[in-house]
Amino acid sequence: MSMTGALVATEPADLLFTHARLATMAGGADDGYGIVEDGALAVKDGRIAWAGPRAHIPAHARAAARAHDCKGMWLTPGLVDCHTHIVHAGNRSNEWEARLNGASYEDIAREGGGIMATVRATRAASDDELLRQSLPRVQALLGEGVTTLEIKSGYGLDLDTEAKMLRVARRVGDILPVNVATTFLGAHALPPEFAGRADAYIDEICERMLPSLAGQGLVDAVDAFCERIGFSNAQTARVFEAARALGLSVKLHAEQLSDQGGAALVARFQGLSADHLEYLSQAGIDAMARAGTVAVLLPGAFYFLRETQTPPLAALRAAGVPLALATDCNPGTSPMASLLLAMNMACTLWRMTPLEALRGCTANAAHALGRSDIGTLEVGKRADLALWDIARPADLAYAIGANPCRLVVNGGVPRAPGVELPG
Ligand code: DI6
Ligand code: FE
């Protein structure tokens, strides 16, 4: 797709953005932001029909039914949050406060805290209640230009509750102007019903839960937590085999706390992404590079856990592994509903560049979801856009807590950043 090329159709566009500065994010790792100063962008049938310098606007774009004067503000692809656990009930600020007051991890575990506290709350919530608690977090993301959101299950750990989480995730996408990609994370933790029988729980996932949920159309991809405190490499491989048998893509929480060879495993299954990766080895990097698996880095969890081991950024860059960023929004290790803050953290904590951070929340995050129709401003892609009142693209990663988003467009439909919640 050429940036300035016209679609075959030359009928008048629906909408033309003028006086915009474009950061198209098109092109590869060496191509910068894809800046077009004094640019314009035309939308037709929810897709980008033309993008380029104002001086070259073709007739079909100039003839658009409506025009929007961007007044020199910056137009980027809509942001993509490609790793979240944003649908869950309750929160764990009580445990966090207790720990800050001196309680030990064991004290909290003995009282049934940790992931299981969120599992109990999520099992107890109705569909409506789970939706009601989750929507404000999604609203916060949408206010910062997010147009696509991945949502994982994994706080149900039984068929009914995993189905409930995924149904609620789908409803988020029906109610709010955001594209939702669902991920089944049944292999997140061992439910109490299977205590001491992890392999039997993996059987349950592979033989009953995954086929049923996929049959209901609730699963876009499959994830697992491959870790000493999660599931082994061999158990994860069984989940991936079951996903493959159903034609579903896989991704993995890998190398977050220790090196389990998870990145190489998910690469062996041509996985979309390996996520976290603080303890990633060179062998894992090489396997990801060969398979085209995206590295999804999660600075919120790194920050909240006060992790000190940095993901191997220099080696990932050298190997040409695409880098994405996400919030990991979850109640235990990353209670964060700001993708702009994730960008800032990645630059501040890890010395990622602002360009890498923005690419990580646009083009490469789209890649991590297996979506070639979003993530850049190129002809033919979905017209998912964000308009920012900033001096230059680096401002998106630079400022903390100063939301410069002024307009969001999803599938060609413009909206104010602040979305209303139902009821
Ligand atoms: N890694 C994490 O950081 C979260 N899940 C995972 O696999 C933790 C989730 C939680 O504590 O609720
Ligand atoms: Fe996660």
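Here, the structure is the one placed above.
Model, not experiment: these values are computed from the prediction. (Residues numbered from 1 in each chain as written. Chains lettered and ligands numbered in written order. Predicted model: local features only at pLDDT ≥ 70, side-chain atom pairs only at ≥ 80, totals over all residues. Heavy atoms only, no water.)

### Focus: the nonpolar core
Grouped together as the largest cluster of nonpolar side chains are 97 residues, with contacts concentrated most on V87, V172, F184, V222, L277, L325 and M343. Among the elements that make up this core, the one with the highest residue count is helix 13 (residues 339–350) (eight residues). Sequence-distant contacts of M343, defined by excluding residues within four places in its chain, comprise L325, A357, L358, C361, L396 and A397. With 18 residues, the next largest nonpolar core counts L15, V43, M73 and L387 among its residues. (Core = buried A, V, L, I, M, F, W, Y, C linked by side-chain atoms within 4.5 Å. Buried < 20%, exposed > 50% of the residue type's maximum accessible area, 1.4 Å probe, protein only. Helix = DSSP H or I, 4+ residues; strand = E, 2+ residues; numbered from the N terminus. Contact = heavy atoms within 4.5 Å.)

### A look at the coordination of the iron ion (ligand 2)
Listed as protein donors to the iron ion (ligand 2) are H83 (NE2), H85 (NE2), H253 (NE2) and D328 (OD); their distances from the metal cover 2.1 to 2.2 Å. In this structure, the iron ion (ligand 2) is surrounded by four donor atoms whose angles at the metal cover 83 to 169°, and the resulting shape is irregular. The exposure class assigned to H83 is buried, which follows from its relative accessible area of 0%. (Donors = N, O, S within 2.8 Å, 3.2 Å for Na, K, Ca; no water. Tetrahedral: all angles 85-135°; square planar, octahedral: opposite > 155°, others 65-115°.)

### Considering helix 5 (residues 127–142)
Given a rise of 1.5 Å per residue, 16 residues ought to cover 22 Å, and the 21 Å separating the end C-alpha atoms of helix 5 matches this to within 8%. Along helix 5, the helix axis deviates most sharply at L135, where the bend reaches about 30°; the proline P136 sits within four residues downstream. (Expected span 1.5 Å × (residues − 1). Bend = angle between axes of the 7 residues up to and from the residue.)

### Overview of the pattern of salt bridges
Scanning the model with the defined rule gives 24 salt bridges in all. The closest approach of N and O atoms between K152 and E150, which form a salt bridge, is 2.8 Å. Across this residue pair, the class does not change: K152 and E150 are buried. Across the pair E378 and K381 runs a salt bridge whose closest N-O atoms are separated by 3.5 Å. Salt bridges here are not isolated pairs; linked through shared partners, they connect E150, K152, D223 and K251. (Salt bridge = Lys/Arg side-chain N within 4 Å of Asp/Glu carboxyl O.)

### Considering the site of ligand 1
If you check the shell around ligand 1, you find R92, I115, Y155, H188, F225, H253, Q256, H276, D328, N330, G332 and T333 and nothing else. A distance of 2.6 Å is found between an oxygen atom of ligand 1 and a side-chain nitrogen or oxygen belonging to Y155. Measuring from an oxygen atom of ligand 1, one finds a side-chain N or O atom of T333 at 2.7 Å. Compared with its free state, where it exposes 320 Å², ligand 1 has 95% of that area covered by protein. Here the shell around ligand 1 is built from residues that sort into three nonpolar, seven polar and two charged. (Near = heavy atom within 4 Å. Polar contact = N/O pair within 3.5 Å; in protein donor to acceptor, adjacent residues only side chain to side chain. Areas by Shrake-Rupley, 256 points an atom, 1.4 Å probe, with all protein chains shown as cover. Nonpolar A, V, L, I, M, F, W, Y, C, P; charged D, E, K, R; others polar.)

### Remarks on the sheet that holds strand 8 (residues 179–187)
Spatial ordering of the open sheet is given by 6-7-8-9-10-11-12-13, a layout of eight strands whose pairing is parallel. Looking at which strands have only one partner, the edges of the open sheet turn out to be strand 6 (79–81) and strand 13 (323–325). Each neighbouring strand pair of the sheet contributes to a mean axis angle of 25°, computed without reference to strand direction. In the sheet, strand 6 pairs with strand 7 (residues 146–152) via three bridges, with the strands oriented parallel. Residue pairing for strand 7: D81 is matched across the bridge by L149. (Pairing = 2+ DSSP bridges. Axes fitted to C-alpha atoms, helices over the stretch in contact; angles between N-to-C directions.)

### Some details on the pairing of strand 9 (residues 221–226)
Of all six residues making up strand 9, six are buried, and the element is well covered by its neighbours. Here strand 9 shows a buried face lined by A221, D223 and F225 and a second buried face lined by V222, A224 and C226. Both strand 8 and strand 9 contribute to a ladder of three bridges, which runs parallel. If you follow A187 over to strand 9, its bridge partner there is A224. Running through helix 7 (residues 198–215), the crossover from strand 8 to the neighbouring parallel element strand 9 is right-handed. By the bridge criterion, four bridges tie strand 9 to strand 10 (residues 249–254) in an arrangement that is parallel. Its bridge partner lying in strand 10, V222 is registered against V250. Taken together, strand 9, helix 8 (residues 233–245) and strand 10 form a β-α-β motif whose crossover is right-handed. (Right-handed = clockwise from strand over helix to strand, strands pointing away.)

### A closer look at the side chain of H88
Checked against the element boundaries, H88 lands in the loop between strand 6 and helix 2 (93–100). Classification of H88 by relative accessible area gives buried; the value is 3%. Of note is the side chain of H88, whose polar atom sits 2.7 Å from the backbone oxygen of H85. Dropping the residues within four chain positions of it, H88 is found in contact with T118, T122, L130, Q133, S134, R137, Y155, N330 and P331.

### Quick look at the packing of helix 6 (residues 159–175) against helix 7
With their axes 10 Å apart at the nearest point, helix 6 and helix 7 run at an angle of 30° to one another. By the angle class used here, helix 6 and helix 7 are roughly parallel. Remark: the crossing between helix 6 and helix 7 carries right-handed chirality. Only R208, M209, S212 and L213 of helix 7 make contact with helix 6, whose side of the interface consists of L159, E162, A163 and L166. (Parallel < 35°, antiparallel > 145°, perpendicular 65-115°, else oblique. Left-handed = near helix turned anticlockwise from the far one by under 90°.)

### Here we look at the packing of aromatic side chains
For the coordinates displayed, the defined rule picks out five aromatic pairs. Taken together, the ring pairs in this structure connect F194, Y201 and F231 into an aromatic cluster. (Phe/Tyr/Trp six-rings, centres within 6.5 Å; stacked < 30°, edge-to-face > 60°.)

### Side note on unusual backbone geometry
One non-glycine residue, Q270, adopts positive backbone phi at about 55°. Mapped onto the fold, Q270 is located in the loop between helix 9 (262–268) and strand 11 (273–276). Taking relative accessible area as the criterion, Q270 reaches 57% and is therefore assigned exposed. The backbone phi angle of H276 is positive, close to 90°, even though this residue is not glycine.

### A closer look at helix 6
With 17 residues, helix 6 ought to run about 24 Å at 1.5 Å a step, and its terminal C-alpha atoms sit 24 Å apart, in line with that. Listing the buried residues of helix 6 in full gives L159, T161, E162, A163, K164, M165, L166, V168, A169 and V172. Those residues of helix 6 that are buried are in contact with helix 4 (115–124), helix 5, strand 7, strand 8 and helix 7.

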